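The lines below spell out each chain.
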Amino acid sequence: MERAMPQAVPLGQMEVLQALQRLHMIIFSQNVSPCGKFLAAGNNYGQIAIFSLSASLSSEAKEESKKPMVTFQAHDGPVYSMVSTDRHLLSAGDGEVKAWLWAEILKKGCKELWRRQPPYRTSLEVPEINALLLVPKENSLILAGGDCQLHTMDLETGTFTRALWGHTDYIHCLALRERSPEVLSGGEDGAVRLWDLRTAKEVQTIEVYKHEECSRPHNGRWIGCLATDSDWMVCGGGPALTLWHLRSSTPTTIFPMRAPQKHVTFYQDLILSAGQGRCVNQWQLSGELKAQVPGSSPGLLSLSLNQQPAAPECKVLTAAGNSCRVDVFTNLGYRAFSLSF
Amino acid sequence: MSSESSKKRKPKVIRSDGAPAEGKRNRSDTEQEGKYYSEEAEVDLRDPGRDYELYKYTCQELQRLMAEIQDLKTRGGKDAAVEIEDRRIQSCVHFMTLKKLNRLAHIRLKKGRDQTHEAKQKVDAYHLQLQNLLYEVMHLQKEITKCLEFKSKHEEIDLVSLEEFYKEAPPDISKAEVTMGDPHQQTLARLDWELEQRKRLAEKYRECLSNKEKILKEIEVKKEYLSSLQPRLNSIMQASLPVQEYLFMPFDQAHKQYETARHLPPPLYVLFVQTTAYGQACAHMKSSQPPRQDKTLSVAIEGNVDEAKALFKPPEDSQDDESDSDAEEEQTTKRRRPTLGVQLDDKRKEMLKRHPLSVILDLKCKDDSVLHLTFYYLMNLNIMTVKAKVTTATELIIPISAGDLLSPDSVLSCLYPGDHGKKTPNPANQYQFDKVGILTLRDYVLDLGHPYLWVQKLGGLHFPKEQPQHAVIADHSLSASHMETTMKLLKTRVQSRLALHKQFASLEHGIVPVTSDCQYLFPAKVVSRLVKWVTIAHEDYTELHFTKDIVEAGLAGDTNLYYMALVERGTAKLQAAVVLNPGYSSIPPIFQLCLNWKGEKTNNNDDNIRAMESEVNVCYKELCGPWPSHQLLTNQLQRLCVLLDVYLETESHDDSVEGPKEFPQEKMCLRLFRGPSRMKPFKYNHPQGFFSHR
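Residues numbered from 1 in each chain as written. Chains lettered and ligands numbered in written order. Predicted model: local features only at pLDDT ≥ 70, side-chain atom pairs only at ≥ 80, totals over all residues. Heavy atoms only, no water.

An unreviewed UniProt entry lists chain B under the name THO complex subunit 5, with Eschrichtius robustus as the source organism. As its UniProt record puts it under Subcellular location (unreviewed entry), chain B is described as follows: "Nucleus". The UniProt entry for chain B carries the following comment under Sequence similarities (unreviewed entry): "Belongs to the THOC5 family." (UniProt positions renumbered as here; feature names shortened; annotations may be inferred.)

Per an unreviewed UniProt entry, chain A goes by the name WD repeat-containing protein 58 and belongs to Eschrichtius robustus. Under the Subcellular location (unreviewed entry) heading, UniProt states for chain A: "Nucleus speckle". Word for word, the UniProt comment on chain A under Sequence similarities (unreviewed entry) is "Belongs to the WD repeat THOC6 family."

Here's what the structure looks like:
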């Protein structure tokens, strides 16, 4: 009743700790469920939260529908990467890949289905897994990360069939060339390597930082993101975001973006990229910046385009990074709202 | 009869036909004489139907005769006159008959009337009789229902149940063989039994009364004896005083204090009793020594007892006084007309008046520092306030930045979350304030002491949140339930404040005072140095550009203390804005960083700065050190120095720049970067001494 000035409500210990946790949360990975209606997001505390896209996008969405339906502790360390098969959600981070049944997650009973660890050589520190990639033709999963190798796991048997050597530092990202079974990988050593899955050999190497046009030595050599579409490949990181023609291994377009990019993807005739900074950048292939759409996080780490044909109403772009929020863009030019841990 | 009448008439007709009218008259005369009244009797004998026929016939005859006379007259013959005469005579006879018939009819009519009347009277008599009878029936019925509705008094008597009756009553009363079949007899028997029992109980009652009388008398006697004992005991007490003093047993002193305690207002009394009890219980638990030897908690009462006694006078008097004084006041105001401001001021003072007695609680901590708490009771506001003071065993050098740490104003702030003690906890007070124009209690808190919520709870005062003007009574159980936690909190608060105080003293001189038992948390060589540790204002903190997140998250309330630290290594300067929650160390200090080295780096544009903040703020548990983790702040700062070292040493070398790195890598790291956000190896592994990723 006293007419005191409005002030921040002093919090108890638990509230402060929770607020601090939320404040220092990083969402590393996100993945859309096979039905297209749900979004899984993994953070640096090893938690995976499931958001209902359909509920939050519906006309009668409330504040609660922007909160996770389920949150569960998936890993001990951060959840760096997630992919979905038609039934499973695969998550990886601290050296292990774990599988969860989507059906069970949605029923809120979250028990891991299985877990696998690629054969590592070192024992001092368990290498992390930075990227997962599904190869649908072989029904296999490629894992890459801290031990500089690409491990292929057969999803049928759960055994690791081969390891691809070549990178000299840890691997950041993977991309699959749809037509020929080839895999691209980009790593901390600044090289993008092209692997032929049939022969399990390295086919091509592009050392991006060696090209003067795109090298930015003060940012380092690392390749943080890459995406590919037929003969084209776009990659970024320490060096500038660059569009490459694979067959000739030449950079065709250098996108004028100072901040290192952490995620890039092709979308129709555009390239979407995100990284340091609040914005999701949209580029023409010619190198023009078409739009910069601001999000709510100070830095973005992942973009996810929900293109599941099963749920056309949930066709959205989601972006997450250095905050506890996942921004949802209903069309490419505008942030509709944020889902929040 | 009809045959008779027809016989009689026949001759008459014949006679009337043949005999002269005189003869007939004569005869009827004689007849009349013979039977004194012939016609009335005749009526009975004659048939009215025949009379009617006769009448009809006579009339016809008359008509015929008249017609013949007419006829004769018109013809007018000689002998006509005779004939007419003859006819006239016949007609006369006929007229006589008609007359007779007429008389008869009259008599009949009269007779009929008489009969009807008679019959009617009879019916009336019967009717009357019937009504009488009906009335009688009704009356009888009423009587019957009255009888039926009659209630005997015995029905009101609560009788024992049937089974019980047959079980308990002696057979000469119950007479089972008779009463079983006859409910009337049964009831009578039961009533008998009831009477018997009641008689017995009355007897018993009388006995008890006499007994009671006797006992009362005994009590009286014993009381007299006891009252005679009191002066004797007093004299013994007096005599024992020197012995008590000699033996250091201050029973009497305690007794006196209890005596004074009687004059405490209820909340202070509850506080006094509960704290004393808690203090004794603690002392008992800690050692088997007598309680007075080991006092971590001592309670005393201070103030003017006489004034308090004066307050306790019977309420009527005081009310009178008040009204008198009110009247006087009115008069004086009329006379003197003091300014409104002075009057309000007086009223305010009156409202904020404290009870003359206060309870002093001294809480001794392990290191001999003492927290002095003085509890006051504001009589008119019905709230309690506390003033706190900390004294230490050794004289402290007061660091500039520690100004607020032990100040009476803030040392107990937010003992419980949100309890800053600047608002009155009694919702009713606001109405009182409105009257005298006090905006908020905040302005008076320095003078009156802080009305923290826990103080009210210790005093057993519980204020509902949304119910103004609710009667509040001092409650012992409320006080007891909060005593232990509050005392513990008070102790930890003082200790943590003292520990902070000590840490601040070194921090101001750029020394991070890592204690030996926390040394294992950090590598032996730490190059980064703390160069500045200053306190800053809340407003300044909120205006810093890199603290926006904390302010938005609501973690920067104005009850917190704010500091700015500067850590340097070479050309790199790391600013750290620190929020120190009053709940330190259960709530960790929160750091926000801004690194000035090759441009300005904050958590917005550098993931590793973000990671460093997270290392200090979120992973603070591993920095707590041994319980009760008062060294947390120091450890966090030292950790920050280590983090800066790692950050600078692992910064990737720009190949294009000539010359050696400014910060050569000295730390042993397994890997430089890890994960998508290229984290640096901030985690220190103690025995091996290398750095790895979290």
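That shown, we press on.
J.: Can you break down the overall build of chain A residue by residue, with the values?
T.: Scanning chain A from terminus to terminus reveals three helices and 28 strands. Every one of the 341 residues in chain A was classed for burial, and the buried ones make up 60%. Carbon and sulfur atoms make up 50% of the accessible area of chain A, which amounts to about 14,000 Å² in all. (Helix = DSSP H or I, 4+ residues; strand = E, 2+ residues; numbered from the N terminus. Buried < 20%, exposed > 50% of the residue type's maximum accessible area, 1.4 Å probe, protein only. Areas by Shrake-Rupley, 256 points an atom, 1.4 Å probe, with all protein chains shown as cover.)

J.: Lay out empty space enclosed by the protein with the relevant residues and their values.
T.: Within the structure shown, the criterion is met by two cavities of 30 Å³ or more. By volume, the second largest cavity amounts to about 40 Å³. Around the second largest cavity sit Leu23(A), His24(A), Asp549(B), Gln592(B), Asn603(B), Arg610(B) and Glu613(B), which together line it. Looking at the lining of the second largest cavity, its residues break down into one nonpolar, three polar and three charged. (1 Å grid on protein atoms, 1.4 Å probe; cavity = no way out; pocket = protein on both sides within 12 Å on 5 of 7 lines; lining within 4 Å. Points joined across faces, edges and corners; volume = space filled by probe spheres on them. Nonpolar A, V, L, I, M, F, W, Y, C, P; charged D, E, K, R; others polar.)

J.: Any chance you could break down the sheet that holds strand β14 (residues 182–187) of chain A for me, citing the residues and the numbers?
T.: As a general point, the strands of a sheet are linked pairwise by backbone hydrogen bonds and lie either parallel or antiparallel. Residues and elements named next belong to chain A. Spatially, four strands are ordered β13-β14-β15-β16 in an open sheet, and the strand pairing comes out antiparallel. Two strands lie at the open edges of the sheet, namely β13 (171–177) and β16 (201–207), each paired on one side alone. Strand-to-strand, the axes of this sheet are offset by a mean angle of 20°, without reference to chain direction. Two elements, β14 and strand β15 (residues 191–196), share five bridges in a ladder whose sense is antiparallel. In the sheet register, Leu184 faces β15, and the bridge partner there is Leu194. (Pairing = 2+ DSSP bridges. Axes fitted to C-alpha atoms, helices over the stretch in contact; angles between N-to-C directions.)

J.: Give a description of the packing of helix α21 (residues 607–617) of chain B against helix α22 (residues 632–650) of chain B that names residues and reports values.
T.: Residues and elements named next belong to chain B. For the pair α21 and α22, the least separation of the axes is 10 Å and the interaxial angle reads 155°. With respect to α22, the axis of α21 lies roughly antiparallel. Crossing of α21 over α22 shows right-handed handedness. Together, Asn608, Ile609, Met612, Glu615 and Val616 of α21 and Gln636, Arg639, Leu640, Leu643, Leu644 and Tyr647 of α22 make up the contact between the two elements. For the contact of α21 with α22, the per-class residue count stands at seven nonpolar, two polar and two charged. (Parallel < 35°, antiparallel > 145°, perpendicular 65-115°, else oblique. Left-handed = near helix turned anticlockwise from the far one by under 90°. Contact = heavy atoms within 4.5 Å.)

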